[in-house]
Amino acid sequence: MLFNICKYLEDYPTKNDAEIVNFNIAKIRSMPVQVNQIAIERSETTKINDVDFDNLSFGSVYTDHMLVADFENGAWSVPKVVPYGPIVLDPAAKIFHYGQSIFEGMKAYKDEEGQVWLFRPLDNHARFNKSAQRLAIPELPQEYFIDGLTTLLQVEKDWVPTTPGSSLYVRPFMFASGNGFHASPANAYKFIIALAPSGAYFSGKVKVLIEEHYARAANGGVGYAKAGGNYAAQFYPTQLAADKGYQQVVWTDDSTHEYIEEAGAMNIFVRIGDTLVTAPTSDRILDGITRKSILQLTDHLGIPTEVRKIKVAEVVEAAENGTLKEMFGAGTAAVVSPIAGFGYRGRDYELPELENSYAAMLKAKITDIQYNRAEDKFGWRYKVN
Ligand SMILES: *Cc1c(COP(=O)(O)O)cnc(C)c1O
């Protein structure tokens with residue numbers, strides 16, 4: 001039935017695509033889901049002995065297996081663990097032409113007893129489906145995501161590194177694998193989870209440029225989704241900033257450029273006096289799990305925190321009168337990424353070196369929970385077994 005509709009769509013590109021997609025999504029949501037055994041096809045060889053676990057970079061070495069599921073004929077197949085390797089796609093696959101593609105970023109952590117943990121994985125799954133919906137990609141059942149990931153992690157347990165600060169980076173993604181040159185949603189999709197053992201993510205303190213011309217996201221757009229194209233669109237402005245000596249761009253709102261919104265692909269926090277401030281999530285601002293966790297922690301610790309729009313002018317004024325204490329990005333890769341200074345309208349502003357920064361304290365609290373070194377008061381850890 002669904003397949004026929006998709007065929008119909010292929011044949012009659014002038015049909016109302018949105019109507020058909022909404023129908024598809026409604027159907028898929030109502031389908032019962034069963035995860036039986038997730039099949040495991042083992043790789044005959046392993047690359048693990050070639051890896052220098054003491055000198056891991058970020059996201060550039062991949063494990064022996066990956067998780068794969070296909071959406072065909074109106075349904076997701078039960079995911080399978082298969083040997084990691086290239087995938088074959090038709091040149092007409094819609095991912096190449098229309099960029100129907102989303103991803104997530106998560107980590108698996110090993111504690112001192114060798115137990116593997118995830119951090120708030122159900123939140124990643126929920127956001128994955130939010131992104132999927134916005135890109136007209138069929139949503140993935142929670143069981144497929146969570147049971148698929150935990151099965152893959154059991155197979156790849158030995159790949160979770162243990163050097164301080166290291167983790168196994170988890171990259172779930174899905175994209176349009178179905179073919180067609182007309183601009184409408186594909187009728188076939190692929191869901192994959194790949195894993196990359198990664199060292200401590202330490203970028204050092206970065207100098208950022210507050211952007212006044214380019215925008216990362218717009219009202220009604222896809223900024224809140226982890227859609228591949230959002231990141232491609234950031235590369236060029238980020239290169240221009242790098243040419244001027246800044247490692248990262250601070251994005252401002254697209255219409256007035258008066259409010260700061262995100263730092264690169266991270267949420268942003270600003271400390272003025274002793275108060276921590278972060279922008280509210282919106283169409284344009286991604287609902288980060290690290291951001292959310294920081295807000296829960298500061299609430300619990302009694303650190304004054306405000307979720308509100310932040311004017312560039314307010315940050316500049318605070319820098320000038322000495323009340324600007326800290327700025328940092330927040331995201332899964334680095335947890336927090338401190339900002340050393342910012343450029344705005346041709347002037348550079350420096351931030352002070354703090355003995356007791358919120359950034360360092362919050363990073364320690366979050367990583368202690370992630371690596372099972374501290375009590376998990378909030379129920380964030382998820383055991384992989
Ligand atoms: C992924 C991402 C974040 C951070 O989200 P986390 O869930 O904390 O990793 C923030 N902003 C953007 C644009 C992102 O893509």
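Remember, predicted model here, so these are calculated numbers, not experimental data.

1. Here's the deal with helix H6 (residues 228–243)
Compared with an ideal rise of 1.5 Å per residue, which puts 16 residues at 22 Å, H6 spans 24 Å between its outermost C-alpha atoms and is within 8% of the ideal. All buried positions along H6 are accounted for by Asn230, Tyr231, Gln234, Pro237, Thr238 and Ala241. Where H6 is buried, its residues contact strand S4 (101–103), strand S9 (206–210) and strand S10 (248–252). In the segment just after H6, Gly245 is the residue with positive phi, at about 95 degrees.

2. A look at the site of the ligand
The immediate surroundings of the ligand are formed by 15 residues, with Lys226, Tyr231, Glu262, Thr290 and Thr332 found nearest. Within the contact set of the ligand, an oxygen atom lies 2.8 Å away from a side-chain nitrogen or oxygen of Arg127. The separation between an oxygen atom of the ligand and a polar side-chain atom of Thr332 is 2.6 Å. Relative to its unbound accessible surface of 380 Å², the ligand loses 95% to contact with the protein. Of all the secondary-structure elements, those providing two or more residues to the shell around the ligand are strand S12 (266–272), helix H7 (289–301) and strand S16 (324–331). Its residues placed into classes, the shell around the ligand shows six nonpolar, five polar and four charged.

3. Examining the side chain of Asp253
The residue Asp253 is located in the loop between S10 and strand S11 (259–263) in this model. One buried charged residue, Asp253, forms no salt bridge at all, with the nearest opposite charge on Arg284 at 5.7 Å. In this structure the side chain of Asp253 is engaged in a polar contact, spanning 2.7 Å, whose partner is the side chain of Thr256. A distance of 3.0 Å separates a polar side-chain atom of Asp253 from the backbone nitrogen of Glu258. With residues near it in sequence (within four places) discarded, Asp253 still touches Glu258, Tyr259, Glu261 and Arg284.

4. Describing the packing of H7 against helix H9 (residues 358–370)
Across the interface, H7 lies against H9 with an axial gap of 11 Å and an inter-helix angle of 105 degrees. Taken as axis vectors, H7 and H9 run roughly perpendicular relative to one another. Between H7, through Ser293, Ile294, Leu297, Thr298 and Leu301, and H9, the contact on the second element is made entirely by Met361, Leu362, Lys365 and Ile366. Among the residues making up the contact of H7 with H9, the classes are represented as six nonpolar, two polar and one charged.

5. Comments concerning the nonpolar core
Core analysis: the biggest nonpolar cluster contains 40 residues, and Trp76, Leu140, Leu153, Met174, Phe191 and Ile193 have the highest contact counts within it. Not counting residues within four places of it along the chain, the set of residues in contact with Leu153 comprises Ala108, Leu118, Leu168, Leu195 and Val384. Counting residues in hydrophobic clusters, the runner-up holds 22 residues, among them Ile210, Ile268, Val316 and Leu351.

6. Description of H7
Counting along an α-helix, one turn takes 3.6 residues, and residues three or four places apart therefore face a common direction. In this model H7 runs 18 Å from its N-terminal to its C-terminal C-alpha over 13 residues, within 8% of the 18 Å that 1.5 Å per residue would give. Residue Gly302 follows H7 closely and has a positive phi angle near 75 degrees.

7. Quick look at the packing of helix H4 (residues 121–134) against helix H5 (residues 142–155)
Look at H4 against H5: their axes get within 10 Å of each other, and the N-to-C directions meet at 135 degrees. Comparing their axes, H5 and H4 come out oblique. The two elements H4 and H5 cross, and the hand of that crossing is right-handed. Listed contacts from H5 to Pro121, Leu122, Asn124, His125 and Phe128 of H4 are Gln142, Phe145 and Ile146. Partitioning the contact of H4 with H5 into residue classes produces five nonpolar, three polar and no charged.

8. Thoughts on the domain arrangement of the chain
If you check the domain split of the chain, you get domain 1 (6–198) and domain 2 (206–374). For domain 1 and domain 2, the distance between their C-alpha centroids amounts to 28 Å. Residue-level contacts link 24 residues of domain 1 with 23 residues of domain 2. In this assembly, domain 1 packs against domain 2 so that about 2,100 Å² is buried in total across both faces, 57% of it on carbon and sulfur atoms. Counting across the interface, domain 1 meets domain 2 through 15 residue pairs in polar contact (both at pLDDT 80 or more). Among the secondary structure elements, those contributing two or more residues to the side of domain 1 that touches domain 2 are S4, strand S5 (106–110), strand S6 (116–119) and H4. Here the element with the most residues in the side of domain 1 that touches domain 2 is H4; it accounts for six residues. When the residues that make up the side of domain 1 that touches domain 2 are grouped by side-chain class, the tally is eight nonpolar, seven polar and nine charged.

Criteria and cut-off values
Residues numbered from 1 in each chain as written. Predicted model: local features only at pLDDT ≥ 70, side-chain atom pairs only at ≥ 80, totals over all residues. Heavy atoms only, no water. Helix = DSSP H or I, 4+ residues; strand = E, 2+ residues; numbered from the N terminus. Expected span 1.5 Å × (residues − 1). Buried < 20%, exposed > 50% of the residue type's maximum accessible area, 1.4 Å probe, protein only. Contact = heavy atoms within 4.5 Å. Near = heavy atom within 4 Å. Polar contact = N/O pair within 3.5 Å; in protein donor to acceptor, adjacent residues only side chain to side chain. Areas by Shrake-Rupley, 256 points an atom, 1.4 Å probe, with all protein chains shown as cover. Nonpolar A, V, L, I, M, F, W, Y, C, P; charged D, E, K, R; others polar. Lys, Arg positive; Asp, Glu negative; His and termini not counted. Salt bridge = Lys/Arg side-chain N within 4 Å of Asp/Glu carboxyl O. Axes fitted to C-alpha atoms, helices over the stretch in contact; angles between N-to-C directions. Parallel < 35°, antiparallel > 145°, perpendicular 65-115°, else oblique. Core = buried A, V, L, I, M, F, W, Y, C linked by side-chain atoms within 4.5 Å. Left-handed = near helix turned anticlockwise from the far one by under 90°. Domains from an automatic or database assignment. Buried area = accessible area lost by both parts, 1.4 Å probe.

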